[in-house]
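Analysis of the macromolecular model
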Amino acid sequence: MKLRISFLCIILSQFFISQQGKIINNQSTAFEVSNQDDTIEFIVYDTKLDHKKPVFLWCQGSLPYPIYVNSKEEGLWIIGGGITNFDVENIVENYHLVIIAMPKTPLIADEKDINESYWYFGNSKDKNRPTLEFQKADYLENYVNRAQKVLKFLNKQKWVDRSKLIVAGSSQGSKVATKIAIANKNVSKLGLFSANPFGRIDQNIREYRKQAEQKQISWEAADKGIEEEYQMFRDAYNPKKLAEKPELLAWKSFSVSLLDDWLQFKKPIYLAYGTHDIASDLNDLVPLYFIKENKDNLTLKRYLNLEHNFFEVENGKPNHEKPHWEEVMNDFVKWTLK
């Protein structure tokens, strides 16, 4: 009997921590939603959840970046799925900003477990290869299912205004955001940044063509590269090859077209991209499909001479001294408030 009571206390204690949250670095409140298969960690970028506001769910891009890094010299510092590039105060003035930790990636990672690009390699023997656990969890449906559980949890909180739900993401996160919007009827506005309407692998093929057209490589080299992309995609759909190379799972999962989903979504969509971004340059064609379907719920924002992460491009290369993410995000936040 004592053992049962102790076990019950442990469960109640874990539930209490999950419901109340834990303050991190005097910046955010961390929560977790657990079941038998997974523990989903996420943060709300605020320390006092006493004001009722709608949720702004930001969907991270690719690779297993932790939300926080624990450094011996600097202490805790935040990556937060790229939100450090934003005017965060402008977002949290009107919304509860929520970021979900990447699957099989700690919310707080020790600096010894991240590589020079700041993403988590954990127990991987190669610092430039994610853990096997992450590779097996790195597929679109998993991100969407995890987000659904987090949104269900948030929907029950008294500090959440359920009259509005903003979901947005950049690059890979735009794919996740799209599928969440289709799956969750509560999403009121969808934000897409540096999105590829036709999947993922197509940009590699277009990159080979562009390099050949610009005489950076020969057409023979482009032809070889394109054929190799075809073969990789065939392998991704081959169960035997997929078992041998789990990193192919993401290429299979994230190379789906999003255009039909965007056309299906009946609420407002905001599509923003840089004109120097090969990943999203086919967005120039998207309005044609909306016009054809007589749909007027698309707002398209084209940022001239900016690349995938909204840096200015000079002499063909991004100038990291000239960022524009803050401007880009502030434009979107302003649009959500209309």
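Residues numbered from 1 in each chain as written. Predicted model: local features only at pLDDT ≥ 70, side-chain atom pairs only at ≥ 80, totals over all residues. Heavy atoms only, no water.

**Observations regarding the nonpolar core**
Counting 46 residues, the largest nonpolar core has Phe42, Leu57, Leu154, Ile180 and Trp262 as its most contacted members. Sort the elements by how many residues they give to this core and helix α4 (residues 140-155) lands first, with eight residues. Not counting chain neighbours up to four residues away, the residues in contact with Leu154 comprise Phe42, Val55, Val98, Trp159 and Val160. In terms of nonpolar packing, the next biggest core, distinct from the first, is built from 33 residues, Ala30, Ile43, Phe86 and Trp325 among them. (Core = buried A, V, L, I, M, F, W, Y, C linked by side-chain atoms within 4.5 Å. Buried < 20%, exposed > 50% of the residue type's maximum accessible area, 1.4 Å probe, protein only. Helix = DSSP H or I, 4+ residues; strand = E, 2+ residues; numbered from the N terminus. Contact = heavy atoms within 4.5 Å.)

**A few points about helix α5 (residues 172-183)**
Given a rise of 1.5 Å per residue, twelve residues ought to cover 16 Å, and the 17 Å separating the end C-alpha atoms of α5 matches this to within 8%. Of all twelve residues making up α5, nine are buried, and the element is well covered by its neighbours. Looking at α5, one finds that the buried residues are Gln172, Gly173, Ser174, Lys175, Val176, Ala177, Thr178, Ile180 and Ala181. Looking at the packing, one finds that the buried side of α5 touches β4 (53-59), α4, β9 (160-170), β10 (189-193), α9 (248-254) and α10 (259-264). (Expected span 1.5 Å × (residues − 1).)

**Considering the environment of Ile67**
Relative to the helices and strands, Ile67 resides in the loop between β4 and β5 (68-71). Distance from Ile67 to Leu132, taken between C-alpha atoms, is 20 Å for residues 65 residues apart in sequence. Filtering out sequence-adjacent residues up to four positions away, Ile67 remains in contact with Ile43, Gln60, Trp77, Ile78, Ile79, Gly80, Ile99, Ile100, Ala101, Pro106 and Leu107.

**Overview of helix α12 (residues 325-336)**
Counting along an α-helix, one turn takes 3.6 residues, and residues three or four places apart therefore face a common direction. Here α12 spans 17 Å end to end across twelve residues, near enough to the 16 Å set by a 1.5 Å rise per residue. Inspection of α12 places Trp325, Val328, Met329, Phe332, Val333, Trp335 and Thr336 among the buried residues, and these make up the whole buried set. Buried residues in α12, looked at end-on, bunch into an arc of 160°, giving them a common side. (Arc of directions from axis to C-beta.)

**What about the sheet that holds β5?**
Sheet strands line up and pair through hydrogen bonds in the backbone, either parallel or antiparallel. In spatial order, the strands read β6-β5-β8; together these three strands make up an open sheet with mixed pairing. Looking at the sheet topology across the chains shown, the edges are occupied by β6 (75-78) and β8 (108-110). The mean inter-strand angle of the sheet, taken between neighbouring strand axes irrespective of direction, is 30°. As paired elements, β5 and β8 share three bridges and run parallel to each other. Note that in β8 the partner of Asn70 across the bridge is Asp110. (Pairing = 2+ DSSP bridges. Axes fitted to C-alpha atoms, helices over the stretch in contact; angles between N-to-C directions.)

**Notes on the packing of aromatic side chains**
Tallying each qualifying case throughout the model produces 21 aromatic pairs. With centroids separated by 5.5 Å and ring planes inclined at 20°, the aromatic side chains of Phe31 and Phe42 adopt a geometry described as stacked. Of this pair, Phe31 sits in strand β2 (residues 28-34) while Phe42 sits in strand β3 (residues 39-44); the two residues are eleven residues apart in sequence, bridging distant segments of the chain. On the basis of relative accessible area, Phe31 is assigned to the buried category, the value being 3%. With relative accessibility at 0%, the residue Phe42 sits in the buried group. (Phe/Tyr/Trp six-rings, centres within 6.5 Å; stacked < 30°, edge-to-face > 60°.)

**Describing the packing of helix α6 (residues 201-213) against helix α7 (residues 219-236)**
Two numbers describe how α6 lies on α7: the axes approach to 8 Å, and their chain directions differ by 175°. Overall, the two elements α6 and α7 adopt an arrangement that is roughly antiparallel. Contact residues: Ile201, Asn204, Ile205, Tyr208, Arg209, Ala212 and Glu213 in α6; Trp219, Ala222, Gly225, Ile226, Glu229, Tyr230, Met232 and Phe233 in α7. Classifying every residue of the contact of α6 with α7 gives ten nonpolar, two polar and three charged. (Parallel < 35°, antiparallel > 145°, perpendicular 65-115°, else oblique. Nonpolar A, V, L, I, M, F, W, Y, C, P; charged D, E, K, R; others polar.)

**As for a negative patch on the surface**
Side chains of Glu73, Glu74, Asp110 and Glu111 sit close together on the surface and give a patch of like negative charge. With respect to the element layout, Glu73 can be found in the loop between β5 and β6. For Glu73, a relative accessible area of 79% translates into the label exposed. (Patch = residues over 30% accessible without salt bridge, like charges linked within 9 Å, V, L, I, M, F, W, Y side chains within 5 Å. Areas by Shrake-Rupley, 256 points an atom, 1.4 Å probe, with all protein chains shown as cover. Salt bridge = Lys/Arg side-chain N within 4 Å of Asp/Glu carboxyl O. Lys, Arg positive; Asp, Glu negative; His and termini not counted. Charge placed at Lys NZ, Arg CZ, Asp CG, Glu CD.)

**Looking at the side chain of Lys189**
With respect to the element layout, Lys189 can be found in strand β10. Asp296 provides the closest opposite charge to the buried, salt-bridge-free Lys189, at an N-O distance of 13 Å. At a separation of 3.3 Å, a polar atom in the side chain of Lys189 contacts the main-chain carbonyl oxygen of Thr336. Those residues in contact with Lys189 that lie beyond four places of it in its chain are Leu165, Ile166, Val167, Pro268, Trp335, Thr336 and Lys338. (Polar contact = N/O pair within 3.5 Å; in protein donor to acceptor, adjacent residues only side chain to side chain.)

**Structural notes on unusual backbone geometry**
Here Leu63, not a glycine, exhibits a phi torsion of approximately 75°, which is positive. One can find Leu63 in the loop between β4 and β5. In this structure Leu63 comes out as partly exposed when scored by relative accessible area, which is 32%. In this structure, Asn305 is a non-glycine residue whose phi angle is positive, near 60°. With respect to the helices and strands, the residue Asn305 is situated in the loop between β12 (298-303) and β13 (311-314).

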